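Tertiary structure, described
Residues per chain, in single letters:
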Amino acid sequence: MSDKLFENIYKENFPFWEKISHGDRDYICQNSYMVSYPRGKNIHNGEECSGVILVRSGSLRLYMMSDEGKDITLYRLHQGDMCMLSASCVLDAITFDVLVGAEQDSQCCVIGGPAFATVSERNPDIRIFALETAVSRFSDVMWVMQQILFMSMDKRLAIFLSDESARIGSDTIALTHGQIARYMGSAREVVSRMLKYFASEGIVKVSRGGVTILDKRRLWRLAAVEK
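Residues numbered from 1 in each chain as written. Predicted model: local features only at pLDDT ≥ 70, side-chain atom pairs only at ≥ 80, totals over all residues. Heavy atoms only, no water.

1. Brief notes about the pattern of salt bridges
- Following the criterion strictly, the structure yields 12 salt bridges and no others.
- The partner of Arg-137 in a salt bridge is Asp-81, and the shortest N-O contact between them spans 3.5 Å. Highlighted residues: Arg-137 in helix H4 (residues 124-150) and Asp-81 in the loop between strand E5 (71-77) and strand E6 (82-83), separated in sequence by 56 residues.
- Of the residues examined, Arg-137 reaches a relative accessible area of 16% and is grouped as buried.
- Of the residues examined, Asp-81 reaches a relative accessible area of 21% and is grouped as partly exposed.
- Taken together, the salt bridges that share partners define one network made up of Arg-76, Glu-103, Glu-164 and Arg-167. (Salt bridge = Lys/Arg side-chain N within 4 Å of Asp/Glu carboxyl O. Helix = DSSP H or I, 4+ residues; strand = E, 2+ residues; numbered from the N terminus. Buried < 20%, exposed > 50% of the residue type's maximum accessible area, 1.4 Å probe, protein only.)

What follows is the structure, given as structure tokens:
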């Protein structure tokens, strides 16, 4: 892929792009590559510096896994989102293992971690951008922890369904009970019971194709989301 195409992509997504030298822009483009990840592919295992990942299409999931094999979804990345936690060589403060997997067939731009780190060392604007991006994602992580630790299951499920519906622009959420449970850091059986309760109350309809929201206002009230 030509450096010119990468330059156009980065110009749209990096606020610092016009502030760095032409040489540094060329260096970043020369150390970039486009990768297609099939659904279910493990992209980053937390042990190496995989680089800075920019999602062009599809969806990635960042998660942590316990020694017993239980995983918790920290957040998901969609088109236009960037993953900095896969580049531990860029941010020295990343001292924990974060796993990244493709939850859909995805195409991503990947900037080699060492190259991005080299350029960021001599460009404060890049380092500030990297830190701000990471901090914004830590806010997402804290929100997940707050839900798991302090919120009831019905409220958590209502928040998830409301947010997912808003994200995809549809009242029908084509996810299995197992997928919803994984994203919420819960057990499939717990999610299934709560969806059955929501269905009995006329809030949602559950089918083999997913979950359809029937009563948004009641769902918003459960989630305490102002609309």
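Further notes follow.
2. Brief notes about the sheet that holds E6
- The sheet built from four strands is open, its strands ordered E1-E8-E3-E6 with antiparallel pairing. Strands with a single pairing partner mark the edges of an open sheet, and in this sheet they are strand E1 (32-37) and E6.
- Pairing analysis gives two bridges linking strand E3 (residues 52-57) to E6, with the strands arranged antiparallel. Counterpart to Ile-53 in the pairing with E6 is Cys-83. (Pairing = 2+ DSSP bridges.)

3. Structural notes on the pairing of strand E7 (residues 99-102)
- Neither face of E7 is open: one carries Leu-99 and Gly-101, the other Val-100 and Ala-102, and all of them are buried.
- Summarising the sheet, strand E2 (residues 42-44) and E7 pair through two bridges and their orientation is antiparallel. If you follow His-44 over to E7, its bridge partner there is Val-100.

4. With respect to the packing of helix H2 (residues 22-30) against helix H3 (residues 113-121)
- Two numbers describe how H2 lies on H3: the axes approach to 9 Å, and their chain directions differ by 165°. On the basis of their axis angle, the class for H2 and H3 is roughly antiparallel. Relative to H3, the crossing made by H2 is left-handed. Residues Asp-24, Tyr-27 and Ile-28 of H2 lie in contact with H3, whose contacting residues are Ala-115, Thr-118 and Val-119. (Axes fitted to C-alpha atoms, helices over the stretch in contact; angles between N-to-C directions. Parallel < 35°, antiparallel > 145°, perpendicular 65-115°, else oblique. Left-handed = near helix turned anticlockwise from the far one by under 90°. Contact = heavy atoms within 4.5 Å.)

5. Considering the nonpolar core
- Core analysis: the largest hydrophobic core is formed by 23 residues, its most contacted members being Leu-157, Phe-160, Leu-161, Ile-180, Leu-195, Phe-198 and Leu-219.
- The set of elements that each furnish at least two residues to this core consists of helix H5 (153-168), helix H6 (177-184), helix H7 (188-200), strand E11 (210-213) and helix H8 (216-223).
- Of the residues forming this core, the biggest block, six residues, is contributed by H5.
- Excluding anything up to four places from it in sequence, Leu-161 contacts Ile-173, Leu-195, Phe-198, Val-204, Val-211, Ile-213 and Leu-219. (Core = buried A, V, L, I, M, F, W, Y, C linked by side-chain atoms within 4.5 Å.)

6. What about the packing of aromatic side chains?
- This structure, assessed with the given rule, holds nine aromatic pairs.
- Ring plane angle 20° and centroid distance 6.0 Å describe the contact between Phe-6 and Tyr-10, whose orientation is recorded as stacked. Separated by four residues within a single helix, Phe-6 and Tyr-10 lie in helix H1 (residues 3-13), roughly one turn from each other.
- Among the residues examined, Tyr-10 registers a relative accessible area of 0% and is labelled buried.
- Among the aromatic residues, those joined into a ring-pair cluster are Phe-6, Tyr-10, Phe-14, Phe-16, Trp-17 and Phe-129.
- Between Arg-61 and the ring centre of Tyr-63, over which it is positioned, the NZ or CZ distance is 4.1 Å.
- Its guanidinium or amino end placed over the ring of Tyr-183, Arg-76 lies 4.1 Å from that ring's centre, counting from NZ or CZ. (Phe/Tyr/Trp six-rings, centres within 6.5 Å; stacked < 30°, edge-to-face > 60°. Lys NZ or Arg CZ within 6 Å of the ring centre and 35° of its normal.)

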